Every structure is written in C-alpha cells, then in structure tokens.
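Inside the fold
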Amino acid sequence: MTGVWVAGFWGFVGGSALILGALVAYFVTLPQRLIASIMAIGSGVLISAVAFDLMDEAFRQGGFDSTELGFLGGAVVYTAANIIVSQRGARHRKRSGSNPDESQPSAQSNSGAAIAIGALLDGIPESVVIGASLLSGGGVSAVTVAAVFLSNVPEGLSSAAGMKAAGRGPGYTFGVWGGIAIASAISAMIGNVALAGSGPELIAAVTAVAAGAILAMLVDTMIPEATEATHDYSGLIAVIGFLAAFILSKLGG
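Residues numbered from 1 in each chain as written. Predicted model: local features only at pLDDT ≥ 70, side-chain atom pairs only at ≥ 80, totals over all residues. Heavy atoms only, no water.

1. Overview of the overall build of the protein chain
Broken down by element type, the protein chain carries eight helices and zero strands. Along its sequence from the N terminus, the protein chain presents helices and strands in the succession α-α-α-α-α-α-α-α. For the protein chain, the proportion of its 253 residues judged to be buried stands at 48%. In the protein chain, of all internal contacts separated by at least 6 residues, the share reaching a separation of at least 24 is 85%. Total accessible area on the protein chain is roughly 11,000 Å²; 69% of this is exposed by carbon and sulfur atoms. (Helix = DSSP H or I, 4+ residues; strand = E, 2+ residues; numbered from the N terminus. Buried < 20%, exposed > 50% of the residue type's maximum accessible area, 1.4 Å probe, protein only. Contact = heavy atoms within 4.5 Å. Areas by Shrake-Rupley, 256 points an atom, 1.4 Å probe, with all protein chains shown as cover.)

2. Points about the UniProt feature "transmembrane region" (unreviewed entry) in the protein chain
As recorded in UniProt, the sites labelled "transmembrane region" (unreviewed entry) are residues 6-27, 34-55, 67-85, 128-151, 171-195, 202-223 and 235-252. This span, residues 6-27, is 100% helix and 0% strand, and a straight line between its end C-alpha atoms measures 32 Å. Note that residues 34-55 is 100% helix and 0% strand, and that its end C-alpha atoms are spaced 30 Å apart. (UniProt positions renumbered as here; feature names shortened; annotations may be inferred.)

3. Notes on the environment of Tyr78
Relative to the elements of secondary structure, Tyr78 occurs in helix α2 (residues 32-90). A relative accessible area of 2% means that Tyr78 is categorised as buried. The sequence separation of Tyr78 and Pro125 amounts to 47 residues, and the corresponding C-alpha distance is 9.4 Å.

4. Quick notes on a nonpolar patch on the surface
Nonpolar side chains collect at one region of the surface, where Phe12, Ile182, Ile186 and Ile190 lie side by side and expose about 360 Å² of accessible area between them. For the nonpolar patch, the leading source of residues is helix α6 (residues 170-194), giving three residues. Within the secondary structure, Ile182 is located in helix α6. A relative accessible area of 47% places Ile182 in the partly exposed class. (Patch = residues over 30% accessible without salt bridge, like charges linked within 9 Å, V, L, I, M, F, W, Y side chains within 5 Å. Salt bridge = Lys/Arg side-chain N within 4 Å of Asp/Glu carboxyl O.)

5. Here's the deal with the environment of Gly179
Mapped onto the elements of the fold, Gly179 is located in helix α6. Each C-alpha atom, one on Gly179 and one on Leu120, is 9.8 Å from the other, the two residues being 59 residues apart in sequence.

6. Let's talk about the side chain of Ser187
Mapped onto the secondary structure, Ser187 falls in helix α6. When sequence neighbours within four positions are dropped, the list of residues in contact with Ser187 reads Ile124, Ser127 and Val128.

7. Let's talk about the pattern of salt bridges
Evaluation of the coordinates by the stated rule reveals one salt bridge. Between Glu57 and Arg60 there is a salt bridge, with the nearest N and O atoms lying 2.6 Å from each other. Linking Glu57 with Arg60, this pair stays in helix α2, spanning three residues, or about one helical turn. A residue is classified by how much of its surface remains accessible, and Glu57, at 24% relative accessible area, is partly exposed. Judged by relative accessible area, which is 59%, Arg60 ranks as exposed.

8. A few points about the packing of helix α1 (residues 3-27) against α6
Relative orientation of the contacting elements α1 and α6 amounts to 160°, with a least axis distance of 7 Å. Relative to α6, the element α1 is oriented roughly antiparallel. Here α1 runs over α6; the crossing is right-handed. Each residue belonging to the contact of α1 with α6 can be placed in one class, and the counts come to 19 nonpolar, nine polar and no charged. (Axes fitted to C-alpha atoms, helices over the stretch in contact; angles between N-to-C directions. Parallel < 35°, antiparallel > 145°, perpendicular 65-115°, else oblique. Left-handed = near helix turned anticlockwise from the far one by under 90°. Nonpolar A, V, L, I, M, F, W, Y, C, P; charged D, E, K, R; others polar.)

9. Side note on α6
Here α6 is 25 residues long and its end C-alpha atoms lie 35 Å apart, about the 36 Å a rise of 1.5 Å per residue gives. Looking at α6, one finds that the buried residues are Thr173, Val176, Trp177, Gly178, Ile180, Ala181, Ser184, Ala185, Ser187, Ala188, Gly191 and Asn192. (Expected span 1.5 Å × (residues − 1).)

Here you go:
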C-alpha cells in the first residue's frame, strides 16, 4: 500500500469516530459525565500531540520562524472560521451533554450544515497532519490518530442527538458524518501528496498551522464541554490522557 493510501486510511479512521458517535446516539443513552470524561481524555491526548508530535517536529524541521508563524496563523484562521460557523448554529457541535436540547439549542434547518462545516473545520488540520506525518518514512503517529479519534466521538454523538431531536432522519445524519469521514481521508491524502518533495520549512509551517488550529479548537470547544459535566475531575482526567499519550509517543519514538 503506497503512502497516499495509507494516509487516506488513517485519515478515515480518525473521521470514522464521528460515525461511531452517531451510532451510539441513535441506539444508546450514555451518562453525560462519561461523555465529558471522554472529551477530557481526548483533550489531554491532543495537548500532548500538539506539544510533542507537532510543535517539536515543526521546530526540528523549520526552526523558530516557520514554526511560530505557522502556529499563530493556524490559530487565527481557525478562530475566524469558528466564529463564522458558531454564529450559524454550530457553536455547540462538541457539546458533551446527552440531552439533545442542550446539544443543539437551536435546531434550525440550517444548523445541520453549519455543524457539518464546523466538523470539517475541526478535522481538516488534524487529517492533513496525519498525511504529512508519513512523509518522513516512518509510520503514522499513533498519538495523533488516537487524539483525533477521541475528539471526534463526542462530537458525532452529541451532534447526532441534536439532529435527531430536530427531526432529521438517520439517512441525513449518517450521510453527513459519513461524508465528513471521507473528507477526512481525502484531506490526509492531499496532505501527503501536496507536501511530498516540499522543503522542510514548508512542511514545518504546515505542521505548525495544524498545531495552532488544534490548540485553538481545544480551548474554544473541547475543554469547556469537558469541564461542564466533570467539573473538579476534568483536570485530572485530562492529565491522565496527556500522560498516556506522552508515554505512547516516547515508546513509539
């Protein structure tokens, strides 16, 4: 299997968590604290991935200039795009609550599209990094894939519950998340192909852009939702996720 197909496979694995979450929302009612705990673990894992997998790699390849400019640029672009989709009904796309009314307070006809765009906004930087990580000749970063997967499960679960409450049928809901999973695979493949043969500074900048976007996403969406239900324990749960990812990254290295 060539690198581009490997990238597409792992990008789809990360995106498929949205489908898994949607399936759970349709057939199982999970306690809010359990979902929030998954979000907290995912937050810790993603923070570790940003710090040790992405920023370290970007600095190693491109130095301070490419890394800092890409990092800030990714955060700025994500924040601007996030404001736009949030104003159109996707503010709570990572809502950890199992109550559909809390998940999507405004179940309007256009909110589903905004949620889908928001999910793409969250997932594209992660998927591009998955594709780019294969260019070094090594295997895919298990920490990054695990972090992407864990961050997508609650999003698929809560958003699907909101769509269901808004009267959307399973065909619409699973079509949205299936399409985004495929888009995640394509994004990983594009990242792998577009950056093949690029200089280290460009790869470093792209990696740092993704890192900045992911960290901004964490603070804007995942961490607030994780702390809403777990309260005093959310920090500890996130630390456990961070430590597990840190150990995994060092053992894998």
